[in-house]
Amino acid sequence: MPGNDQPESRPGRPDAPDGSGRSHVSRRSLLGAAGVSAAGLAAGAFGGLAAAAPAGASTTPAARGHGGDLRDSDEHVVVHVHGGRGGDLDVFRGTSRTRVHDPELAARLRRTLR
Amino acid sequence: MSSHREAPEISKDPVADSTDLYAFVSPDQPDTVTLIANYIPLEEPPGGPNFYEFGDDVLYEINIDTNGDGDADISYQFSFTTKVRNPNTFLYNTAPILSLNSGSWNRRQFYTITRVTDAGSEVIVRDLACPPCNIGPLSTPHYDKLAAEAVHALPGGGQVFAGQRAEGFYVDLGSIFDLGNLRPFEELHNQFGMHVFTQPAPGVNDTNQKNVHSIALQVPTSALVASSTTPVIGVWTAASRQNVRLAGAADAQRLDIGPWTQVSRLGNPLFNEVIVPMGSKDQWNALPPSSDKNFASHVANPELAALLPILYPNVFPSLAALVASGKPRADLEAILLTGIPSGIVPGFTNFTGTVQADMLRLNTSIAPSSSPNILGVIGGDLAGFPNGRRVFDDVVTIELRAIAGLTYPLVDSSFTPDGAASKVTDGLTPSSVKAPFLSTFPYLGVAYDGFHNPS
């Protein structure tokens, strides 16, 4: 079951200009990211990330400084699949990082490397 | 050095490397405090064609703790933006730069200041101009004027400068890092049996005629203290980079993304440099002062205190006995980690509480000295280090003497320091700095130009 942890939020950073306090990264978008990223570890400027996030899929904000909306296809997103078989991923966007726990997704990303 | 290249990782990232921090009641504006954070160690003035500049990808901060918990209550954040007029030339400038908006200056840098408190963040000013680097008599013929133009008034009082200045920290690097040699006493060094030195020699200032990049901020004291009854503040500077860097990203040369992560920190001079062991230096740079209890044992039993009696046989017998006793150096813990409580030094305290945190502690209620002593508090001048730090304070000598045992009687009156503890020095003074310190903001000397320096 995918889950999400608390985001990293460093005190003292300015709030996201959009004030939303939310990010828009979804499991579907991560899968899309895997398809775009040759390495499966990083992706940039892929569209469709604003698709509705499935319940419980991810995320949390922490973007303090750079706001923006992933409907802006210029926004870069980087995904870091942790080592081991734990299924943890970090999704980076702007100045935010969101921890995602999704062993299935992590496994699929790794399979793209084969 | 004070904190130049003091840890393995940050030594490879000079743009983010904090080198010195100063905090003092402004001598010419005593209702204000001046905070100066220096970055980019050992700039060679002729270092073109890509002259030194702040990192657009680095978040610089000057942090102030007002309640003694080792966490920031006030942060001044500085973020920089470089603007290139003409990317089709390799030149920094195409004619003399006579003003900050000179059309012949090709690569300019601007900055925004954000003040962050628990109540939120506020952009104080945007797009302030940095001065160019001091290149030489053809490119920057009136550099004093250019540097002065880059001093900007702040709304609400105070002023700010960000750009190149002359390095003011004087230290005999070449000697000290040659196995703890001090030229004025080198004949007393054990020399590992090689008999290289037979007589004392004058110190050499290895940072002379080098520049740094300074962020100098002068603000009303009332903007920094919690109240007039709590005049002591703790200050440190930090630099952060974003978590992830992609080299050669598809549509950019480089992509930085993710939360800001601290990569450099500096409070008291030489703390990470000579107190924290090598295996912990990078970790220390990534932590806030409130975590410093984890490093307190290195203050209580500093490695250098044990080395001095070995390197200088029979010179520090009392220090050797103190080290052998295993007694913690409560004097150093007070100076570096908590501030000095009242009742220790007559008429003085910069105590912030029991939380052990490496911060430069400044008692803002102590007026500037009309006749400063470069040895600060141990020289009888309560307005100097370790009560904050002025640009001319001889922090190398002060800390050498403190570690050698000179300050231990503050916590143990039965201890008699070695005679050498009040004499040990690397042999330098402010006169060892070619560019004179200024009596007005930003106090550090005008940057050396690359045509005449080094000479």
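Residues numbered from 1 in each chain as written. Chains lettered and ligands numbered in written order. Predicted model: local features only at pLDDT ≥ 70, side-chain atom pairs only at ≥ 80, totals over all residues. Heavy atoms only, no water.

Enquirer: Even after reading the chapter, I still don't get the overall build of chain A, so can you show me in this structure?
Expert: Assigned secondary structure in chain A consists of two helices and five strands. When the 114 residues of chain A are sorted by exposure, 40% land in the buried category. Total accessible area on chain A stands at roughly 5700 Å², and carbon and sulfur atoms take up 50% of it. (Helix = DSSP H or I, 4+ residues; strand = E, 2+ residues; numbered from the N terminus. Buried < 20%, exposed > 50% of the residue type's maximum accessible area, 1.4 Å probe, protein only. Areas by Shrake-Rupley, 256 points an atom, 1.4 Å probe, with all protein chains shown as cover.)

Enquirer: I tried to follow the overall build of chain B on my own but got confused; where do I start?
Expert: Across its full length, chain B carries nine helices and twelve strands. Since a compact globule built from 455 residues should have a radius of gyration of about 23 Å, the 22 Å found for chain B is in line with a globular shape. Projected onto its principal axes, the C-alpha positions of chain B cover 70 × 55 × 50 Å. Counting all 455 residues of chain B, 56% fall into the buried class. Taking as baseline every contact in chain B between residues at least 6 positions apart, the subset at least 24 positions apart corresponds to 66%. Carbon and sulfur atoms make up 56% of the accessible area of chain B, which totals about 17500 Å². (Rg over C-alpha atoms; globule rule 2.2 N^0.38 Å. Contact = heavy atoms within 4.5 Å.)

Enquirer: What should I look at first to understand the sheet that holds strand S2 (residues 32-43) of chain B in this one?
Expert: Each strand in a sheet pairs with another by means of backbone hydrogen bonds, the pair being arranged parallel or else antiparallel. Pairing is antiparallel across the open sheet formed by five strands, whose spatial order is S1-S2-S9-S8-S7 (chain B). In this open sheet, the two edge strands, each paired with only one partner strand, are strand S1 (18-25) and strand S7 (152-153) of chain B. (Pairing = 2+ DSSP bridges.)

Enquirer: When you look at the confidence of the model for chain A in this model, what are you seeing that I'm missing?
Expert: When pLDDT is low, close inspection of the predicted coordinates is not appropriate. Mean pLDDT over chain A stands at 56; residues scoring 70 or higher make up 36%. For the stretch residues 1-70 of chain A, pLDDT sits under 50, and the model shows 157 contacts to residues farther than four places along the chain or on other chains. (pLDDT = per-residue confidence, 0-100.)

Enquirer: Is there a simple way to think about the pattern of salt bridges in this case?
Expert: Note on pairing: side chains with opposite charge can pair once their charged atoms come close. Residues and elements named next belong to chain B. All chains considered together, the criterion is met by 19 salt bridges over all chains. In this structure, the salt-bridge partner of Arg245 is Asp57, at a minimum N-O distance of 3.1 Å. Taken together, the positions of Arg245 in strand S10 (residues 232-247) and Asp57 in the loop between S2 and strand S3 (59-65) put the pair 188 residues apart, joining distant regions of the chain. For Asp57, a relative accessible area of 17% puts it in the buried group. Three or more residues joined by partner-sharing salt bridges are found here, namely Asp13, Asp57, Arg241, Arg245, Arg254 and Asp256. (Salt bridge = Lys/Arg side-chain N within 4 Å of Asp/Glu carboxyl O.)

Enquirer: Hey, could you run me through the pairing of strand S6 (residues 120-129) of chain B in this one?
Expert: For a regular strand, the rule is simple: side chains alternate between the two faces of the sheet. Residue and element names in this part refer to chain B. Across seven bridges, the pairing between strand S5 (residues 107-117) and S6 is antiparallel. Each bridged residue has a counterpart across the sheet, and for Thr114 the counterpart in S6 is Val123. Connecting S5 to the next strand, S6, in antiparallel fashion are two residues.

Enquirer: Before we go on, may I ask you to explain a nonpolar patch on the surface in this structure?
Expert: Taken together, the side chains of Leu179, Phe192, Met194 and Val196 of chain B define a hydrophobic patch exposed on the protein surface, amounting to about 440 Å² of accessible area. On the secondary structure map, Leu179 of chain B appears in the loop between helix H2 (173-176) and strand S9 (211-220). (Patch = residues over 30% accessible without salt bridge, like charges linked within 9 Å, V, L, I, M, F, W, Y side chains within 5 Å.)

Enquirer: Looking at this structure, how should I read the pairing of strand S5 (residues 96-101) of chain A?
Expert: All names here are of chain A. Of the two faces of S5, only the one carrying Ser96, Thr98 and Val100 is buried; Arg97, Arg99 and His101 on the other face are not. Here six bridges tie strand S4 (residues 88-93) to S5, and the two strands are oriented antiparallel to one another. Bridge pairing in S5 links Val91 to Thr98. Between the end of S4 and the start of S5, which pair antiparallel, lie two residues, with Gly94 showing a positive phi angle near 55°.

Enquirer: Can you help me understand the packing of helix H6 (residues 303-311) of chain B against helix H7 (residues 317-325) of chain B in this one?
Expert: A pair of packed helices is characterised by two quantities: the angle between their axes and the separation of those axes. Residues and elements named next belong to chain B. In the contact formed by H6 and H7, the axes pass within 9 Å of each other and the chain directions differ by 135°. Here H6 lies oblique to H7, going by the angle between them. Seen along the crossing, H6 lies across H7 with a hand that is left-handed. Note on element contacts: H7 touches H6 through Leu319, Ala320 and Val323, opposite Ala305, Ala306, Leu308 and Pro309. Classifying every residue of the contact of H6 with H7 gives seven nonpolar, no polar and no charged. (Axes fitted to C-alpha atoms, helices over the stretch in contact; angles between N-to-C directions. Parallel < 35°, antiparallel > 145°, perpendicular 65-115°, else oblique. Left-handed = near helix turned anticlockwise from the far one by under 90°. Nonpolar A, V, L, I, M, F, W, Y, C, P; charged D, E, K, R; others polar.)

Enquirer: Can you help me understand H6 of chain B in this one?
Expert: Because an α-helix packs 3.6 residues into every turn, residues spaced three or four apart end up facing the same way. Along H6 of chain B, the residues that are buried comprise Ala305, Leu308, Pro309 and Leu311 of chain B. Residues of H6 of chain B that are buried sit in contact with H7 and helix H9 (395-403) of chain B.

Enquirer: Would you mind going over unusual backbone geometry with me for this structure?
Expert: It is generally the case that most residues other than glycine have a negative phi and that most peptide bonds are trans. All names here are of chain B. With omega at 5°, the peptide bond leading from Phe385 into Pro386 counts as cis. Inspection of the secondary structure assignment puts Pro386 in the loop between strand S12 (360-363) and H9. Look at the link from Asn453 to Pro454: it is a cis peptide, with omega at 0°. In this model, Asn314 sits at a positive phi of 70°, which is unusual for a non-glycine residue. Tracing the backbone through its elements, the reader meets Asn314 in the loop between H6 and H7. Taking the relative accessible area as the measure of exposure, Asn314 reaches 76% and is therefore exposed.

Enquirer: Just checking my understanding: could you explain the side chain of Asp449 of chain B for this structure?
Expert: Residues and elements named next belong to chain B. With respect to the element layout, Asp449 can be found in the segment after H9. Summary of buried charges: Asp449 has no salt-bridge partner, and the nearest side chain of opposite charge, Lys434, is 7.2 Å away. Among the polar contacts listed, one links the side chain of Asp449 to the backbone nitrogen of Phe451, at a separation of 2.7 Å. Beyond its immediate stretch of four places on either side in the chain, Asp449 contacts Pro45, Asn134, Ile135 and Gly136. (Lys, Arg positive; Asp, Glu negative; His and termini not counted. Polar contact = N/O pair within 3.5 Å; in protein donor to acceptor, adjacent residues only side chain to side chain.)

Enquirer: Explanation requested: the packing of aromatic side chains in the structure shown.
Expert: The geometry of an aromatic ring pair is captured by two quantities: the separation of the ring centres and the angle between the planes. All names here are of chain B. Tallied over the entire structure, the rule returns twelve aromatic pairs over all chains. Relative to Tyr443, the ring of Phe24 lies with its centre 5.2 Å away and its plane at 80°, an arrangement referred to as edge-to-face. Of the two residues, Phe24 is situated in strand S1 and Tyr443 in the segment after H9; the sequence distance between them amounts to 419 residues. As far as the burial class goes, Phe24 and Tyr443 line up, both buried. (Phe/Tyr/Trp six-rings, centres within 6.5 Å; stacked < 30°, edge-to-face > 60°.)

Enquirer: I tried to follow the confidence of the model for chain B on my own but got confused; where do I start?
Expert: Across chain B, pLDDT averages 97, with 99% of residues at or above 70. On the interface metric, ipTM, the complex scores 0.81, and its pTM is 0.89.

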